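# Reading the structure
Here is what each chain is made of, one letter per residue.
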Amino acid sequence: MTVMKMFEKLIPFCIFAVDQCIKVLIRQYEPGFVLWRIDGFLEIRHSVNPGAAFSILSGNTALLILLSTMLICIITTLFFMCFNPGKAARVSLLCLLGGAAGNLLDRILFSGVTDYIYVCFMNFPVFNFADICVVCGAILTVILVSFTKAGDVFDNKK
């Protein structure tokens, strides 16, 4: 294993740690409290989402915990046991893994995900750092699968 591959495997742990540190700070305030604001543009405010993206499956915490756990297990299995992903595929999977783990811990401990980033100028849900990592990882995965031969995405023998 190369040094670079060892450092890459720290990606999900770093994402998880940064996400949880921010959420610990945010949870010091009551939900709805605005910590920071750029008027008409962006707010950092404490919010709790009992569902998934866009509050879908709200109130189904057990199902969301199960689905998140399954996603983490699938990604981990694929990453470490089933194939040798190329560098971009590794990064996308590791971002998905770190973000999913951060939100999973929130669901287990608090029955909802702590969100805090609110973009004021458009109608969009409040989100967090873990969500950003999950979305970026998913987008990169879709791009890789869409514009690269599957063998090139998931096999780093080149």
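Scroll up for the structure.
The rules behind these values
- Residues numbered from 1 in each chain as written.
- Predicted model: local features only at pLDDT ≥ 70, side-chain atom pairs only at ≥ 80, totals over all residues.
- Heavy atoms only, no water.
- Salt bridge = Lys/Arg side-chain N within 4 Å of Asp/Glu carboxyl O.
- Helix = DSSP H or I, 4+ residues; strand = E, 2+ residues; numbered from the N terminus.
- Buried < 20%, exposed > 50% of the residue type's maximum accessible area, 1.4 Å probe, protein only.
- Patch = residues over 30% accessible without salt bridge, like charges linked within 9 Å, V, L, I, M, F, W, Y side chains within 5 Å.
- Areas by Shrake-Rupley, 256 points an atom, 1.4 Å probe, with all protein chains shown as cover.
- Pairing = 2+ DSSP bridges.
- Axes fitted to C-alpha atoms, helices over the stretch in contact; angles between N-to-C directions.
- Contact = heavy atoms within 4.5 Å.
- 1 Å grid on protein atoms, 1.4 Å probe; cavity = no way out; pocket = protein on both sides within 12 Å on 5 of 7 lines; lining within 4 Å.
- Points joined across faces, edges and corners; volume = space filled by probe spheres on them.
- Nonpolar A, V, L, I, M, F, W, Y, C, P; charged D, E, K, R; others polar.

### Concerning the pattern of salt bridges
- Evaluation of the coordinates by the stated rule reveals seven salt bridges.
- Across the salt bridge formed by lysine 23 and aspartate 106, the nearest N and O atoms sit 3.1 Å from each other. Of this pair, lysine 23 sits in helix α2 (residues 11–26) while aspartate 106 sits in helix α4 (residues 87–110), placing them 83 residues apart in sequence.
- Note on aspartate 106: relative accessible area 0%, which makes it buried.
- Aspartate 106 serves as the salt-bridge partner of arginine 27, at 3.6 Å between the closest nitrogen and oxygen. Of this pair, arginine 27 sits in the loop between α2 and β1 (34–38) while aspartate 106 is found in helix α4, placing the two residues 79 residues apart along the sequence.
- Since its relative accessible area comes to 22%, arginine 27 is described here as partly exposed.
- One continuous salt-bridge network, built from bridges that share partners, spans Asp19, Lys23, Arg27 and Asp106.

### Digging into a nonpolar patch on the surface
- Together, Tyr29, Phe33, Leu35, Trp36, Ile38, Phe41, Phe121, Met122 and Phe124 line one region of the surface with nonpolar side chains, adding up to about 850 Å² of accessible area.
- Relative to the helices and strands, isoleucine 38 resides in strand β1.

### Considerations on the sheet that holds strand β3 (residues 113–119)
- Judged by pairing direction, the sheet is antiparallel, and its three strands sit side by side in the order β1-β2-β3 without closing on themselves. Sheet topology places β1 and β3 at the edges, where each strand pairs with a single neighbour. Direction aside, the axes of adjacent strands within the sheet are offset by 35° on average.
- In terms of strand pairing, β1 meets strand β2 (residues 42–49) through four bridges, oriented antiparallel. Paired with tryptophan 36 across the strands is isoleucine 44, a residue of β2.
- Against the sheet, α2 contacts β1, β2 and β3, and its axis sits at roughly 85° relative to β3.

### Remarks on the layout of surface pockets
- There is about 650 Å³ of room inside the largest pocket.
- Lining the largest pocket are 25 residues, and of these Ala52, Ala53, Asn103, Asp131 and Val134 lie nearest its centre.
- When residues of the lining of the largest pocket are traced back to their parent elements, those giving at least two are α3 (61–82), α4, β3 and α5 (129–147).
- Top element by residues in the lining of the largest pocket is α5. It accounts for six residues.
- Considering only residue class, the lining of the largest pocket consists of 18 nonpolar, four polar and three charged.

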